[in-house]
Amino acid sequence: MNDRIIFDDVSKFYGEVLGVNRVSLSLPPGITSLVGPNGSGKTTLMNLLTGLVQPTRGSISVLGMTTMDATEFFRAVGYCTQFDSFPKGVTGWDFVFDGLTLHGIGYEEATQLTKESLERVNLGEAAMRKVAGYSKGMRQKIRLAQAIAHRPRVLVLDEPLNGLDPMARAESLALFEELGRQGMHVLISSHILEEVDRISDRIVLMTGGYVVAEGNIHEVRQEVHEKPMQVLVRCDKPEMLASKMFAMNHCVEAKLHKDGGGVFVRTRDLDEFYRLLNEIAAEGEVKIDVVAPADDDANAIYQYLIGSDGGLS
Amino acid sequence: MRERLEEAKKWAARQPYRLWWVQLRAVVRLEAKRNVLAWRSLWIYFLGFIPVVIIGLHTIVDPAKASGMGEDTMVLAGIFQLYYIRLGIFFGCLGIFSRLIRGEMVERSLHYYLLAPVRREILLLGKFIAGCITALMIFESAVFLSFTLIYAHYGAAGQAFVMDGPGLGQLEAYMGITALACLGYGSIFMLLSMLFKNPTPAAMIFMGWEFINPILPSLLQKISIASYLRHLMPVSMPMHGVLALLTVVTEPVRPWAATMGVLVLTAVVVGISCYRMRKLEIRYTTE
Ligand SMILES: Nc1ncnc2c1ncn2[C@@H]1O[C@H](COP(=O)(O)OP(=O)(O)OP(=O)(O)O)[C@@H](O)[C@H]1O
Ligand SMILES: [Mg+2]
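Residues numbered from 1 in each chain as written. Chains lettered and ligands numbered in written order. Predicted model: local features only at pLDDT ≥ 70, side-chain atom pairs only at ≥ 80, totals over all residues. Heavy atoms only, no water.

Enquirer: Quick question: what am I supposed to make of the overall build of chain B here?
Expert: Looking only at helices and strands, chain B has 12 helices and zero strands in total. Ordered by position from the N terminus, the helices and strands of chain B form the series α-α-α-α-α-α-α-α-α-α-α-α. For the C-alpha atoms alone, the extent of chain B along its principal axes is close to 65 × 45 × 35 Å. In chain B, which comprises 287 residues, the share counted as buried stands at 52%. Sequence separation of 24 or more characterises 81% of the internal contacts of chain B that already satisfy a separation of 6 or more. Looking at charge distribution, chain B has the averaged site of its 27 positive side-chain charges lying 11 Å from that of its 17 negative ones. (Helix = DSSP H or I, 4+ residues; strand = E, 2+ residues; numbered from the N terminus. Buried < 20%, exposed > 50% of the residue type's maximum accessible area, 1.4 Å probe, protein only. Contact = heavy atoms within 4.5 Å. Lys, Arg positive; Asp, Glu negative; His and termini not counted. Charge placed at Lys NZ, Arg CZ, Asp CG, Glu CD.)

Enquirer: Can you walk me through empty space enclosed by the protein in this structure?
Expert: One way to see where empty space is left: roll a probe the size of a water molecule over the atoms. For the structure shown, the criterion picks out five cavities of 30 Å³ or more. For the largest cavity, the lining is made up of 24 residues, of which A:Gly99, A:Leu102, A:Gln146, B:Tyr112 and B:Ala116 are closest to its centre. Residue assignment for the lining of the largest cavity shows that the elements contributing at least two residues are β5 (77-80), α3 (92-101) and α5 (136-148) of chain A together with α2 (17-35) and α5 (110-114) of chain B. For the lining of the largest cavity, the element with the most residues is α3(A), which contributes five residues. Approximately 80 Å³ is the volume attributed to the second largest cavity. (1 Å grid on protein atoms, 1.4 Å probe; cavity = no way out; pocket = protein on both sides within 12 Å on 5 of 7 lines; lining within 4 Å. Points joined across faces, edges and corners; volume = space filled by probe spheres on them.)

Enquirer: Can you walk me through the state of the cysteines in this structure?
Expert: Two cysteines joined by a covalent bond between their sulfur atoms form a disulfide. Residues and elements named next belong to chain B. Under the defined criterion, the tally for this structure stands at zero disulfides over all chains. Of all cysteine sulfurs, the one in Cys-182 lies closest to Cys-93, which takes part in no disulfide; the gap is 4.4 Å. A relative accessible area of 0% means that Cys-93 is categorised as buried. (Disulfide = S-S within 2.5 Å.)

Enquirer: What is the right way to look at the sheet that holds strand β6 (residues 154-157) of chain A in this model?
Expert: By way of backbone hydrogen bonds, the strands of a sheet pair with one another, either parallel or antiparallel. Residue and element names in this part refer to chain A. Within the open sheet, the six strands sit side by side as β5-β6-β7-β3-β8-β9. Their pairing is mixed. Two strands in the sheet have a free side with no partner beyond their single neighbour: β5 and β9 (210-215). Between one strand axis and the next, the sheet turns by 15° as a mean value, whatever way the strands run. Taken together, the four bridges between β6 and strand β7 (residues 185-190) define a ladder with parallel strand orientation. When the bridges of β7 are listed, Val-154 appears paired with His-185. Here α5 sits on the sheet in contact with β5 and β6, set at roughly 170° to β5. (Pairing = 2+ DSSP bridges. Axes fitted to C-alpha atoms, helices over the stretch in contact; angles between N-to-C directions.)

Enquirer: How do you make sense of the interface of chain B and chain A when you look at a structure like this?
Expert: Much of the literature gives interface size as the accessible area that the parts lose upon coming together. Counting residues at the interface gives 28 residues for chain B, matched by 30 residues for chain A. Counting each side, the surface lost to burial between chain B and chain A is near 2600 Å², with a carbon and sulfur contribution of 59%. Area buried by chain B at its contact with chain A is led by B:Tyr112, B:Leu115 and B:Pro117, which between them contribute 26% of it. Between chain B and chain A we count four salt bridges in total. Between B:Glu281 and A:Lys12 there is a salt bridge; the shortest N-O distance is 2.9 Å. Here chain B is connected to chain A by 12 residue pairs in polar contact (both at pLDDT 80 or more). When residues of the side of chain B that touches chain A are traced back to their parent elements, those giving at least two are α2 and α5 of chain B. For the side of chain B that touches chain A, the class distribution of residues is 15 nonpolar, three polar and 10 charged. (Buried area = accessible area lost by both parts, 1.4 Å probe. Salt bridge = Lys/Arg side-chain N within 4 Å of Asp/Glu carboxyl O. Polar contact = N/O pair within 3.5 Å; in protein donor to acceptor, adjacent residues only side chain to side chain. Nonpolar A, V, L, I, M, F, W, Y, C, P; charged D, E, K, R; others polar.)

Enquirer: I tried to follow the coordination of the magnesium ion (ligand 2) on my own but got confused; where do I start?
Expert: Six octahedrally arranged donors around a metal ideally form angles of 90 or 180 degrees; four tetrahedrally arranged donors ideally form angles of 109.5 degrees. All names here are of chain A. Summarising the metal site, the magnesium ion (ligand 2) is bound by the protein donors Thr-43 (OG1) and Gln-82 (OE1), whose distances to it range over 1.8 to 2.4 Å. Of the two residues, Thr-43 is situated in helix α1 (residues 42-49) and Gln-82 in the loop between β5 and α3; the sequence distance between them amounts to 39 residues. The partly exposed category is assigned to Thr-43, whose relative accessible area is 21%. (Donors = N, O, S within 2.8 Å, 3.2 Å for Na, K, Ca; no water.)

Enquirer: Honestly, the pattern of salt bridges in this entry has me stumped. Any pointers?
Expert: Any two side chains of opposite charge can pair, so long as their charged atoms come close to each other. Enumeration according to the criterion identifies 23 salt bridges over all chains in this entry. Note that A:Lys88 is salt-bridged to B:Glu107, the shortest N-O span being 3.2 Å. Of this pair, A:Lys88 sits in the loop between β5 and α3 while B:Glu107 sits in the loop between α4 (69-106) and α5, placing the two residues on different chains. Judged by its relative accessible area of 48%, A:Lys88 falls in the partly exposed class. Within the structure, one salt-bridge network assembled from shared partners comprises A:Lys88, B:Arg40, B:Arg99 and B:Glu107.

Enquirer: Got a minute to help me understand the pairing of strand β10 (residues 229-235) of chain A in this structure?
Expert: The two faces of a sheet get side chains in turn, since along a regular strand they alternate between them. Residues and elements named next belong to chain A. Of all the seven residues making up β10, six are buried; the element is thus mostly covered by neighbouring parts of the structure. In terms of strand pairing, β10 meets strand β12 (residues 262-267) through six bridges, oriented antiparallel. Bridging across to β12, Val-231 finds its partner in Val-265. Pairing of β10 with strand β13 (residues 288-293) involves five bridges; the strand directions are antiparallel. Counterpart to Arg-234 in the pairing with β13 is Val-290.

Enquirer: What am I meant to see in the side chain of A:Glu159 here?
Expert: All names here are of chain A. Mapped onto the fold, Glu-159 is located in the loop between β6 and α6 (166-181). Notably, Glu-159 is buried but unbridged: the nearest opposite-charge side chain belongs to Lys-42, and the N-O separation is 4.3 Å. At 3.2 Å, the side chain of Glu-159 forms a polar contact with the side chain of Gln-82. Every residue in contact with Glu-159, bar those within four places of it in the chain, is listed here: Lys-42, Gln-82, Gln-140, Ser-189 and His-191.

Enquirer: What's the story with the sheet that holds strand β11 (residues 251-256) of chain A in this structure? I'm lost.
Expert: Residues and elements named next belong to chain A. If you walk across this open sheet you meet the four strands as β11-β12-β10-β13, and the pairing is antiparallel. Where the open sheet ends on each side, the last strands, each with one partner, are β11 and β13. Across the sheet, the mean angle separating the axes of adjacent strands is 20° when strand polarity is ignored. Lying on the sheet, helix α9 (residues 238-246) is in contact with β10, β11 and β12; it crosses β11 at an angle near 170°.

Enquirer: How should the site of ligand 1 be read in this particular structure?
Expert: All names here are of chain A. Near ligand 1, the surroundings consist of 18 residues, among which Asn-38, Gly-39, Thr-43, Thr-44 and His-191 are the closest. The separation between an oxygen atom of ligand 1 and a polar side-chain atom of His-191 is 2.7 Å. Burial of ligand 1 by the protein chains amounts to 75% of its free accessible area of 630 Å². Elements with a minimum of two residues in the shell around ligand 1: β2 (17-27) and α1. (Near = heavy atom within 4 Å. Areas by Shrake-Rupley, 256 points an atom, 1.4 Å probe, with all protein chains shown as cover.)

By themselves, these are just geometric observations and shouldn't be taken as functional.
Structure follows, in structure tokens:
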């Protein structure tokens, strides 16, 4: 029995626009977090997994199944999307219950499962009210309840912590952890690494449609750490700066800007680079105007990582 | 070849028909619950019942039977052919059937269906059936009421016309045509709404196509709803001017052939819709 979620060289283009490119992943059960900035392809990857969009290239299989066999597939998979919308006029209860009736199960069982999942998300009395009157957090909860109601083996959650207060957030995280421990696949996406790193067995770091790093939190840090990053330094004596930078062994490359007013530095260790740059600036020999990341994606990723533990170490 | 056939048979025997049936009913029930008595369907009821109201008012303010029953039969034929078939059912079905898929894309709720463990063909079929139920409920009762009101006006004479004369047969024909019109237009608007973000322009072109259809080559006449329905009308009306287009006499088509024509056309269009449904992607942002 195949217990993995497998992306085999998957690409998705929306016309000309890149959604994700050449993604290959093989995920065992447990909690996997997809982390990346806006537009990095997290939702696209999840929509591909659940057949809401079709891959332009490559193939996907989930526990050995594909979405071609919808009946079998969606009994095993629950997906809480990023779309904060509902069928017109439903109550929380109906929303969860109606979904279950499509499984072809009886009234009693559907009632039982609905009750159970509503209890799990702690929605309480509000379940009987119309969803249209819910707060953002309540809507998030009811959508989560709908996704877990049929007890799926694979749970896909697109930014499930969005809009939740700290209490609800902690409750949700505890729920995900529990589900992960039970041997389920839980796939969570987030902008913020520190939000999910504690409960994740695995992190998939994405940017610009690419998977840039994958593994447990330490492996991911290491991987990003070793990826050279490019910074543009504008100064009055670029040649001198370049030669000083070249002397450092973390510096992979130093290239003059076309207009002669700056230098591109590619480095493996941004912290060390900034330290050195400050020294040079303090010496006063080179007057430094602007320092800017020339590599937005890599820098965004770097920001996540230093945001989470205060620096690469 | 024989092996292929054997394989197909085996495949067919393996399919979970019971489950499909249960799921189909669940989809129909859900759709009916959400759409039949919804406020946004109100204008369709309005569309259906305008003639009923007008006929009703007429019987109240004009009890003198100024016009004869023969003339009123013509009036009814006119209301049916010019209003119901060309406008009421046409736009009513446009409203009902284009919201099935496109409406849920606009409201961003279609993905809940696509993430359910239901084959997409079953989903589409369930939605189509629910649409048919809504359309039939509205227009069959509207046509029935129009008919009843017209002849109730004449008391015993009216009753005799319906029960002992050609009346009942005409009513049956109207009801049958209404059902065929709902199926045919419904399937086409469902498909158009899957092909276009805004199906209305396409529907207008289709309306034009239906209008000029009688003078097109007979092969093209097969791809039209109204041209089949024309052959089923129980009462023929003399028309003048452009409207004469509606009654251009072409090769006669037998009623069963015309009925089959609409049903086959509907089946083909629903089949194409099923294929589109399988390929459908959820991209609310750009849709
Ligand atoms: N329906 C669409 N049509 C065109 N381009 C799209 C569509 N959906 C996504 N994209 C593009 O694909 C890329 C990835 O988008 P995606 O929504 O997967 O990112 P994301 O990581 O989920 O972002 P966010 O954190 O904002 O939710 C983006 O460049 C986006 O513009
Ligand atoms: Mg997203």
